[in-house]
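Now for the letters of each chain:
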Amino acid sequence: MPPEPETAAEHFARTGRDAVTYARQVARTAKARYERRRGENAELAKQFGKGRLAGGETAPTPAVVRNAAKRFRVGAGLPVPALPSAADLVPLRPEPAPRRPRVGDDDEDFSQSRIMSRGD
């Protein structure tokens, strides 16, 4: 004989328990993954340190990296871009637009451009 069908309340309660059980399992998995990654990161920090490589030498300077990239590009037959000069890196300040001279009594001019430039 088949078991008695569960009531709606029993079904609702079982579904809620299943959801809570699943959420706890997901939380445990996420916490374990977090702890594992945290341990891996701590190990990498010990191994390499700040700016240090595995052998103890310091991280390459930008000039070393630039030269390595240039050698790679030349070896691969790629174009090597010229480095910009310091003057090219500093943006020039644009010249301010000349102000229009005031003509006559403009107290009656309520246009937005006149109101906004009134701080002469």
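Residues numbered from 1 in each chain as written. Predicted model: local features only at pLDDT ≥ 70, side-chain atom pairs only at ≥ 80, totals over all residues. Heavy atoms only, no water.

## So, the overall build of the protein chain
Step number 1: Summing up its helical and strand segments, the protein chain has four helices and zero strands in all.
Step number 2: Counting from the amino terminus, helix and strand elements in the protein chain follow one another as α-α-α-α.
Step number 3: Per-residue burial for the protein chain yields a buried fraction of 1% across its 120 residues. (Helix = DSSP H or I, 4+ residues; strand = E, 2+ residues; numbered from the N terminus. Buried < 20%, exposed > 50% of the residue type's maximum accessible area, 1.4 Å probe, protein only.)

## Considering the confidence of the model for the protein chain
Step number 1: When pLDDT is averaged across the protein chain, the result is 77; 62% of the residues are at 70 or more.
Step number 2: Within the protein chain, the element-level pLDDT minimum falls on helix H4 (residues 112–116), averaging 62, and the maximum on helix H1 (residues 8–48), averaging 91. (pLDDT = per-residue confidence, 0-100.)

## Digging into the pattern of salt bridges
Step number 1: Evaluation of the coordinates by the stated rule reveals one salt bridge.
Step number 2: Salt-bridge contacts for Arg14 lead to Asp18; the nearest nitrogen and oxygen are separated by 3.6 Å. With a gap of four residues between them, Arg14 and Asp18 both fall in helix H1, about one helical turn apart.
Step number 3: Judged by its relative accessible area of 32%, Arg14 falls in the partly exposed class. (Salt bridge = Lys/Arg side-chain N within 4 Å of Asp/Glu carboxyl O.)

## What to know about helix H2 (residues 62–76)
Step number 1: Over its 15 residues, H2 extends 21 Å from the first C-alpha to the last, a length consistent with the 21 Å expected when each residue adds 1.5 Å.
Step number 2: Just downstream of H2 lies Gly77, where phi reads positive at about 75°. (Expected span 1.5 Å × (residues − 1).)

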